[in-house]
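Structural overview for review
Residue-level listing of the chains:
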Amino acid sequence: MLYTLAWRNIWRNKRRTLITAASVLSALLFALFTRSMQIGTYAKMVDNLVQAYTGYIQVQKKGYWENKDINQSFKVSDTLVDKISSILNVSAVVPRLEYFALASFELQAKGSAIIGIDPEKEEKLTHLKKWLRNGVFLSTDDNGVLIASKLAGYLKINVGDTIVLIGQGYHGVSAAGKFPVRGILRFPSPDLDGQMIYMSLPNCQEFFSAENRVTSLALNLNNPDELDRTKQLIDEIIRSHNLVAMPWQEMLVELVQYIKQDNASGLIMLAILYLVVAFGVFGTVVMMTSERIREFGIMVSIGMKKWKLAVVTLLEMLMLGVLGIFSGVIVSLPIIGYYYLHPVNYGGDMGELIEKFGFEPKMYFALQPDFYVGQSLIVALIVLCAACYPMIRIFKLKEIKAIHSRM
Amino acid sequence: MEIIQLKDLYKIYDEGAVAVNAVNGISLTISEGEFTAIVGPSGSGKTTLLNLIGGLDRPTSGEVFINGTEITKLKSKELIDFRLNNIGFVFQSYNLIPVLTAHENVEFIMQLQNKPLAERHKRTIDLLESVGLGDKKDIRPRHLSGGQQQRVAVARALASKPRFILADEPTANLDSRATTNLLDIMERLNHEEKITFLFSTHDQRVVNKAHRVITIEDGKVLSDIYQEVLVHGKH
Ligand SMILES: Nc1ncnc2c1ncn2[C@@H]1O[C@H](COP(=O)(O)OP(=O)(O)OP(=O)(O)O)[C@@H](O)[C@H]1O
Ligand SMILES: [Mg+2]
């Protein structure tokens, strides 16, 4: 009986009910849409940077990240690599030896970042090969180098020329060598494009007199969401080695900061949106209640307990809320699902700018069930708060006053 | 048997500039099976008196006994239950729950009493028949005439098997045909089923049908007379 009453009551004023449900629906739709876009974009940004450069976790000597000093490199053994590789979530262990040297060709010279890589393993994380513009890629124990295009342009060096590198190696040993240029890499990021020189790991270790040493092991993960647990497992393995497992959040501090800020502003937008919706819902409730005070008075007069009447109004609000939430989720799922499968392309300048930084100029959407649940709960909370109004009015109701109230 | 007993009842409104003695020392007794009208000029205190008897309002002083229970001593919650099981109400207008059909409106009160379904249905149909609306049971109040709505209200008031029915100007918004019709039904229920009615009115035709007429003025009983009336054309 209470259900019947509630259900029929919400359809008393069809238009108002539909407008209210529609406002809940559109708020939910907007919230789900913008948030899944934001979250999807963050995830993609992280993926991009992590996969272009850092990996999800890096194993380094304690203190290396602050100084980037080759003296804080460490000897890497096959057993260590095997142990880390054997963790299920680790899909690739990529050794690198990074340091600096002066690169010169004929009359030009420039400080450069020298990175020793295992070309095959690197491919499992950063896909360096896709930036190759001229020449050929490195082989496993190649004695040549790859040069970033802007740096090559500055040095006026080309594929087939020989570059001279001078610097300091492990423990201050002087490092000098001549290396044939195998290929030119063109990075979208001007930063990388102006300073990178890649060589094979053995070649690099020899150059810096750092036999068997690396500055980092960059790890790619199958499931980035399990990062914390994987890091724990790695911590156990490297505990005795004076090494640390550094997650990407600690390496890409600026990105994390940016995401936090952007996320906060997104949340503020949502808060404002929900505030507006809350006022709308509340307005509906106030009208729904006020125009029925007389009816409430009659019902209580003839013997309906106030709590039963309160339950009716609560049910009405719940039905209204569920109506809005369900339609909101049902309408937004296919829309967001579509964009999830077909990311939006950024056009024009924006697209070019984004591409410049090595990112795909696309807007990605996330599909996260917990997010749906969260937003739905917020709406449910708003509706429940609004439901308090008629209930309070009912419990304070005085029969004769209510009966004699005009609508 | 006495159903309603009022002892030295007062209701004083003193919210405004001057205190109004809406009910100013009324003592009276209504017995089972009576068909009583309360009359008096506007502002004489009829509505106030009926609200006190119905437990919708509390007196400033004095006592109201319904069937031996002093309702002025009941808590608000107990009073709601007491009303449900002892008093049938017919208000002047907008009596019915708009989203329920005639049948559902009558049944509603028995649902509040947790009566079993079979009993509810049978009684609802019987009651709607007896107020002449057996064919309108699935119609919502807004599609019923004012007179029909009041008849449904009477059926609903009866549904809970109350000790008596309290009606504040039940015919005030009805035309003369609907008024006569409603009065006839009330009178028949009183005569055949021994239902006790207590109603207020302005309408002389309604007054003429009453068996007992209590006239009040300025919150006091002016006269209280039993009159001879024709019941269904014969006595
Ligand atoms: N809530 C109230 N506050 C103050 N005064 C009131 C209130 N209700 C009624 N009164 C006053 O009490 C007196 C009796 O009013 P009541 O409504 O009982 O009269 P009535 O006989 O029913 O009149 P009517 O025939 O117009 O319905 C009137 O003077 C009225 O103004
Ligand atoms: Mg009155």
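The model shown is predicted, which means the values in this text are computed figures rather than measured ones.

So, the overall build of chain B
What chain B contains, in helices and strands, is seven helices and 10 strands. Relative to the compact-globule value of 18 Å for 235 residues, chain B shows a C-alpha radius of gyration of 17 Å, a close match. With the C-alpha coordinates aligned to their principal axes, the bounding extent of chain B is approximately 50 × 40 × 35 Å. Counting across all 235 residues of chain B, residues that qualify as buried make up 54%. Taking the intrachain contacts of chain B between residues at least 6 apart in sequence as the baseline, contacts between residues at least 24 apart amount to 67%. Taken as two groups, the 28 positive and 30 negative side-chain charges of chain B have centres that lie 5 Å from each other.

Topic: the domain arrangement of chain A
Looking at chain A, the domain boundaries give domain 1 (2–48 + 255–403) and domain 2 (63–241). Look at where the C-alpha atoms of domain 1 of chain A and domain 2 of chain A centre, and you get two points 51 Å apart.

Re the confidence of the model for chain B
Scored by pLDDT, chain B has a mean of 92; 97% of the residues are at 70 or more. Predicted complex, confidence summary: ipTM 0.93, pTM 0.75.

Digging into the confidence of the model for chain A
Mean pLDDT over chain A stands at 88; residues scoring 70 or higher make up 96%. The weakest mean pLDDT in chain A belongs to helix 14 (residues 348–356) of chain A at 64; the strongest belongs to strand 6 (residues 145–148) of chain A at 96.

What to know about the packing of aromatic side chains
What describes a pair of aromatic rings is the distance from one ring centre to the other and the angle between the planes of the rings. All names here are of chain A. Under the definition given, this model contains 13 aromatic pairs over all chains. Centre to centre, the rings of Phe-33 and Tyr-339 are 5.8 Å apart; their planes meet at 75 degrees, and the pair counts as edge-to-face. You can see Phe-33 sitting in helix 2 (residues 14–54) and its partner Tyr-339 sitting in helix 13 (residues 306–341), a full 306 residues away along the chain. Judged by relative accessible area, Tyr-339 falls into the partly exposed class, the value being 27%. Chaining the aromatic ring pairs together yields one cluster made of Tyr-99, Phe-100, Phe-179, Phe-207 and Phe-208. Positioned over the ring face of Trp-65 is Lys-68, at 4.2 Å from the centre of the ring.

With respect to helix 1 (residues 2–10) of chain A
Because each turn of an α-helix spans 3.6 residues, side chains separated by three or four positions in sequence point in the same direction. When we look at burial in helix 1 of chain A, the residues that qualify are Leu2(A), Leu5(A), Ala6(A), Asn9(A) and Ile10(A). Axial view of helix 1 of chain A: buried residues confined to an arc of 120 degrees, hence all on one face. For helix 1 of chain A, the secondary structure elements touched by its buried residues are helix 2, helix 11 (253–290), helix 12 (293–301) and helix 13 of chain A together with helix 3 (102–112) of chain B.

Remarks on unusual backbone geometry
Of note in this structure, Ser209(A) is not a glycine but carries a positive phi near 55 degrees. Summarising the element assignment, Ser209(A) is placed in the loop between helix 8 (201–207) and strand 10 (213–214). A positive phi is found at Asn67(B), a non-glycine position, where the angle reads about 55 degrees. Judged by its relative accessible area of 27%, Asn67(B) is partly exposed.

Focus on the pattern of salt bridges
Side chains that differ in sign of charge can pair as their charged atoms come close. Residue and element names in this part refer to chain B. All chains considered together, the criterion is met by 20 salt bridges over all chains. Lys-137 is the partner of Asp-138 in a salt bridge, and the nearest nitrogen-oxygen pair spans 3.3 Å. Put simply, Lys-209 and Asp-184 hold a salt bridge, and the shortest N to O gap is 3.1 Å. One end of the pair, Lys-209, is in helix 7 (residues 204–209); the other, Asp-184, is in helix 6 (residues 176–193), with 25 residues separating them in the sequence. What emerges from the salt-bridge pattern is a single network uniting Glu-34, Arg-212 and Asp-224.

Here we look at the site of ligand 1
Residues and elements named next belong to chain B. As a structural note, the neighbourhood of ligand 1 is formed by 14 residues, with Ser-42, Gly-43, Lys-46, Thr-47 and Thr-48 the closest of them. At 2.6 Å from an oxygen atom of ligand 1 is found a side-chain nitrogen or oxygen belonging to Thr-47. A distance of 3.4 Å separates an oxygen atom of ligand 1 from a polar atom in the side chain of Glu-169. With the chains in place, 63% of the 630 Å² that ligand 1 exposes on its own is no longer accessible. Mapped onto the shell around ligand 1, the elements with two or more residues apiece are strand 2 (20–31) and helix 1 (46–53). With three residues, helix 1 is the single largest residue contributor to the shell around ligand 1. Counted by class, the shell around ligand 1 contains four nonpolar, seven polar and three charged residues.

Cut-offs used in this document
Residues numbered from 1 in each chain as written. Chains lettered and ligands numbered in written order. Predicted model: local features only at pLDDT ≥ 70, side-chain atom pairs only at ≥ 80, totals over all residues. Heavy atoms only, no water. Helix = DSSP H or I, 4+ residues; strand = E, 2+ residues; numbered from the N terminus. Rg over C-alpha atoms; globule rule 2.2 N^0.38 Å. Buried < 20%, exposed > 50% of the residue type's maximum accessible area, 1.4 Å probe, protein only. Contact = heavy atoms within 4.5 Å. Lys, Arg positive; Asp, Glu negative; His and termini not counted. Charge placed at Lys NZ, Arg CZ, Asp CG, Glu CD. Domains from an automatic or database assignment. pLDDT = per-residue confidence, 0-100. Phe/Tyr/Trp six-rings, centres within 6.5 Å; stacked < 30°, edge-to-face > 60°. Lys NZ or Arg CZ within 6 Å of the ring centre and 35° of its normal. Arc of directions from axis to C-beta. Salt bridge = Lys/Arg side-chain N within 4 Å of Asp/Glu carboxyl O. Near = heavy atom within 4 Å. Polar contact = N/O pair within 3.5 Å; in protein donor to acceptor, adjacent residues only side chain to side chain. Areas by Shrake-Rupley, 256 points an atom, 1.4 Å probe, with all protein chains shown as cover. Nonpolar A, V, L, I, M, F, W, Y, C, P; charged D, E, K, R; others polar.

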